[in-house]
Amino acid sequence: MGKRIDLHTHSIFSDGELLPSEIARRACVLGHQAVAITDHVDATNLDCVGRVINAVLDIRDNWDIEIIPGAEITHAPAEIIPKLAHKARELGAEIVVVHGETLVEPVIEGTNWSAVNCSEVDVLAHPGLITHEEARIAKENNIILEISARRGHSLSNGHVVQTALDVGADLVVNTDTHKPEDLINYKMAEKIALGAGLPEKELKKVLRDNPIHILEEKGIV
Ligand SMILES: [Zn+2]
Ligand SMILES: [Zn+2]
């Protein structure tokens, strides 16, 4: 079985319950190779990225897991997403996630469109009823679409998988962890991907090759 890579989690620096070290420890036990801590940010709290970086430096040096500082641009006006993505990068976010148009929150229309058109974005999270055109642009800009393990956000996983497969866009399975029980092992990630309609032959690409490719591009692994 492969090692897990999760590119979307929340710590106490936004609305998560866990310290970065607790996310790291629990993820280690569940067989993770790497976890990105991507706390919610908008224009008011981008400095949160720096706090995550300080918290993860120790873990990175001393534990057998890669903890990656990131940010999730959340409920921001669609037109300022590129600016926030750029600032988050400047502040040291290595993984930039955008909180996509999930079915279960009133995310501003145009968020998916703005995110896929911004090449500084790495992952469009829970993109709801993403269109084929948006998925095609995501592919062109190397932006990965998320299959979400999170209740509610997962309602449109089937649509996301089908749309991504139709246009050849890349997918990844993230948990969007907020609580201890949200982290999952590799086996569970496989089941969630299969449950969303991903063909078995695509499992390794989605669970290993796609996230590793992102990390390699950034020189993290
Ligand atoms: Zn949250
Ligand atoms: Zn999230």
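Summary of the structure given here. (Residues numbered from 1 in each chain as written. Chains lettered and ligands numbered in written order. Predicted model: local features only at pLDDT ≥ 70, side-chain atom pairs only at ≥ 80, totals over all residues. Heavy atoms only, no water.)

**Quick word on the coordination of the zinc ion (ligand 2)**
Ligation of the zinc ion (ligand 2) by protein atoms is provided by His8 (NE2), His10 (NE2), Glu72 (OE) and Asp176 (OD), these donors lying 2.0 to 2.3 Å from the ion. Taken together, the 4 donor atoms coordinating the zinc ion (ligand 2) and their angles of 85 to 170° define a geometry best described as irregular. Look at where the donors of the zinc ion (ligand 2) fall in the sequence and you get H-x1-H-x61-E-x103-D. Separation of the zinc ion (ligand 2) from the zinc ion (ligand 1) amounts to 5.0 Å. In this pair, histidine 8 is assigned in strand β1 (residues 4–9) and aspartate 176 in the loop between β8 (171–174) and α7 (186–195), connecting sequence segments 168 residues apart. (Donors = N, O, S within 2.8 Å, 3.2 Å for Na, K, Ca; no water. Tetrahedral: all angles 85-135°; square planar, octahedral: opposite > 155°, others 65-115°. Helix = DSSP H or I, 4+ residues; strand = E, 2+ residues; numbered from the N terminus.)

**Thoughts on the coordination of the zinc ion (ligand 1)**
In an ideal tetrahedron of four donors about a metal, each angle is 109.5 degrees. In an ideal octahedron of six donors, the angles are 90 or 180 degrees. Donor atoms from the polypeptide that bind the zinc ion (ligand 1) are Asp15 (OD), Asp15 (OD), His40 (NE2) and His178 (NE2), placed at 2.0 to 2.7 Å. For the zinc ion (ligand 1), the 4 donor atoms are set out with angles of 52 to 125° between them, so the coordination reads as irregular. As a motif over one chain, the donors of the zinc ion (ligand 1) read D-x24-H-x137-H. Classification of aspartate 15 by relative accessible area gives partly exposed; the value is 43%. On the basis of relative accessibility, which here comes to 15%, the residue histidine 40 falls in the buried class. (Buried < 20%, exposed > 50% of the residue type's maximum accessible area, 1.4 Å probe, protein only.)

**Description of the pairing of β1**
Judged by how many residues are buried, β1 sits mostly within the fold: 6 of 6 residues are covered. Across 4 bridges, the pairing between β1 and strand β2 (residues 32–37) is parallel. Each bridged residue has a counterpart across the sheet, and for aspartate 6 the counterpart in β2 is valine 35. A crossover connection joins β1 to the parallel β2 through helix α1 (residues 20–29); in handedness this β-α-β unit is right-handed. (Pairing = 2+ DSSP bridges. Right-handed = clockwise from strand over helix to strand, strands pointing away.)

**Some points on the packing of α7 against helix α8 (residues 203–217)**
Relative to each other, α7 and α8 sit at 130°, their axes nearing to 10 Å. Taken together, the axes of α7 and α8 are oblique relative to one another. Note that α7 runs across α8; the crossing there is right-handed. Facing α7, whose interface residues are Tyr186, Ala189, Glu190, Ala193 and Leu194, α8 presents Leu203, Lys204, Leu207 and Arg208. (Axes fitted to C-alpha atoms, helices over the stretch in contact; angles between N-to-C directions. Parallel < 35°, antiparallel > 145°, perpendicular 65-115°, else oblique. Left-handed = near helix turned anticlockwise from the far one by under 90°. Contact = heavy atoms within 4.5 Å.)

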